[in-house]
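Read off the chains here:
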Amino acid sequence: MFSSSLEHNFTRPNERGEYEVAKGISSTCFRAILDYFKNGVIRCPPSVSVPELREACDYLLIPFDASTVKCQNLRGLLHELSNEGARVQFDIFIEELIMPVMVTCGQRGDRECHIVVLTDDDVVDWDEEYPPQMGEEFSQIIYSTTMYRFFKYIENRDVAKQVLKERGLKKIRLGIEGFPTYKEKIKKRPGSRPEVIYNYVQRPFIRMSWEKEENKSRHVDFQCVKSKSITNLAEAAVDPGPDQASQRMAAQDAAAQPAAADLAVVDPYPVALPPPPTED
């Protein structure tokens, strides 16, 4: 059983001479998986969750589908099957619908792409003189009712986001947003620009980038150093701390005391002193 792996040094016994082939898998789950090699069917025990069984099958390279797995918990089983089906379906969407739009954006020099998914019956009729003012003119549109129904489920959006991450894309956002389709009416006001009202429909969108960092310069950015001086009068009016208050009072007292030269008193009526005696 381990002859080929031993030749390539892939599998080694532990200190007790045992081979660990299912590390991290519980004994109950592994016992259920062994039934696959006997009769080709795995019956999920009640104590084993469906995600745990799914991870074990992926680790041991056993197909996980409705023909090989029998489970009492139908909700959990169908949830895992839907996740797998969503991955396969989204890979098809990427190759057939999303990738051509991304290539077109890249050929224009863009570093990101914003895609709105409309149904096949949606009609976009914008007024050339008064287009929408929300930036929708930079959005890429994909007409696909199948993809629209796919993205209605939040579980499918989570799977799609994970697939896009695995394929190296950044800044991924998926959700539902309003998108203008056609002009309903125009409100004209004297002295101001006419206001155009569009009809909005809720449609899925995908936003992603293929650059690690966007909107950042590769040159040196100079940082502004905050000055320690008080330039705001409101901050200067705030009560200072005890240390600052004592220093400020000492400075005021020093400024109030006159200098020694200022204390000298000049007599307005000087008295002439006699000359000192001289020796003959």
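Structural data are supplied above this passage.
Below you will find a few notes about this structure. Quantities reported herein were computed from a predicted structural model and do not represent experimental measurements.

## Section: the pairing of strand β6 (residues 195–209)
Reasoning step 1: Looking at chain direction, strand β3 (residues 112–118) and β6 are connected through five bridges and run antiparallel. The residue of β6 that forms the bridge with H114 is R207.
Reasoning step 2: Pairing of strand β5 (residues 170–187) with β6, which is carried by 14 bridges, proceeds in the antiparallel orientation. Note on β6: the bridge partner recorded for G178 is Q202.

## Structural notes on the sheet that holds strand β4 (residues 140–143)
Reasoning step 1: Pairing within the open sheet is mixed, and its four strands lie in the order β4-β3-β6-β5. In this open sheet, the two strands that pair with only one neighbour each are β4 and β5. Here the average twist between neighbouring strands, direction ignored, is 35 degrees.
Reasoning step 2: Strand direction decides the pairing type here: β3 and β4, joined by four bridges, are parallel. Bridge pairing links V116 to I141 in β4.
Reasoning step 3: Sheet contacts for helix α6 (residues 154–166): β5 and β6; angle to β5, the most-contacted strand, approximately 120 degrees.

## Quick word on the environment of I176
Reasoning step 1: Summarising the element assignment, I176 is placed in strand β5.
Reasoning step 2: When the C-alpha atoms of I176 and R203 are compared, they prove to be 5.4 Å apart, with 27 residues separating the residues in sequence.
Reasoning step 3: Among residues more than four places away in sequence, those in contact with I176 are F151, R157, Q202, R203, P204 and F205.

## Digging into the packing of aromatic side chains
Reasoning step 1: The final tally for this structure, using the stated rule, is six aromatic pairs.
Reasoning step 2: Taken together, a centroid distance of 5.6 Å and an interplanar angle of 80 degrees make the contact between Y36 and F37 edge-to-face.
Reasoning step 3: Judged by its relative accessible area of 23%, Y36 falls in the partly exposed class.
Reasoning step 4: Here the aromatic residues F90, F93, F150 and F151 are joined through ring pairs into a cluster of three or more.

## With respect to the pattern of salt bridges
Reasoning step 1: Counting across every chain of the model gives nine salt bridges.
Reasoning step 2: Residue D110 pairs with R108 through a salt bridge whose shortest N-O separation is 3.0 Å.
Reasoning step 3: Given a relative accessible area of 30%, D110 falls into the partly exposed group.
Reasoning step 4: Ionic pairing is found between D122 and R203, a salt bridge with its closest N-O pair at 2.8 Å. Taken together, the residues span a long stretch of sequence, with D122 in the loop between β3 and β4 and R203 in strand β6 at a distance of 81 residues.

## Section: the state of the cysteines
Reasoning step 1: Overall, the coordinates contain zero disulfides when judged by the stated rule.
Reasoning step 2: Free of any disulfide, C29 has its nearest cysteine sulfur in C57, 6.9 Å distant.
Reasoning step 3: The buried category is assigned to C29, whose relative accessible area is 0%.
Reasoning step 4: Relative accessible area serves as the criterion here: at 0%, C57 is assigned to the buried category.

## Describing the environment of R43
Reasoning step 1: Tracing the backbone shows R43 in strand β1 (residues 42–43).
Reasoning step 2: Sequence separation between R43 and Q72 is 29 residues, and the spatial gap between their C-alpha atoms is 8.6 Å.
Reasoning step 3: If near-sequence neighbours (up to four positions away) are discounted, R43 is found in contact with A32 and K70.

## A closer look at helix α4 (residues 74–107)
Reasoning step 1: The terminal C-alpha atoms of α4, which comprises 34 residues, lie 47 Å apart, in line with the 50 Å expected from a rise of 1.5 Å per residue.
Reasoning step 2: Maximum bend of α4: about 50 degrees, positioned at I98, with proline P100 one to four residues after it.
Reasoning step 3: Considered for burial, the residues of α4 that qualify are G76, L77, E80, N83, A86, F90, F93, I94, I98, V101, M102 and C105.

So, how was this worked out
Residues numbered from 1 in each chain as written. Predicted model: local features only at pLDDT ≥ 70, side-chain atom pairs only at ≥ 80, totals over all residues. Heavy atoms only, no water. Pairing = 2+ DSSP bridges. Helix = DSSP H or I, 4+ residues; strand = E, 2+ residues; numbered from the N terminus. Axes fitted to C-alpha atoms, helices over the stretch in contact; angles between N-to-C directions. Contact = heavy atoms within 4.5 Å. Phe/Tyr/Trp six-rings, centres within 6.5 Å; stacked < 30°, edge-to-face > 60°. Buried < 20%, exposed > 50% of the residue type's maximum accessible area, 1.4 Å probe, protein only. Salt bridge = Lys/Arg side-chain N within 4 Å of Asp/Glu carboxyl O. Disulfide = S-S within 2.5 Å. Expected span 1.5 Å × (residues − 1). Bend = angle between axes of the 7 residues up to and from the residue.

Treat this as a map of the structure, not an account of what it does.
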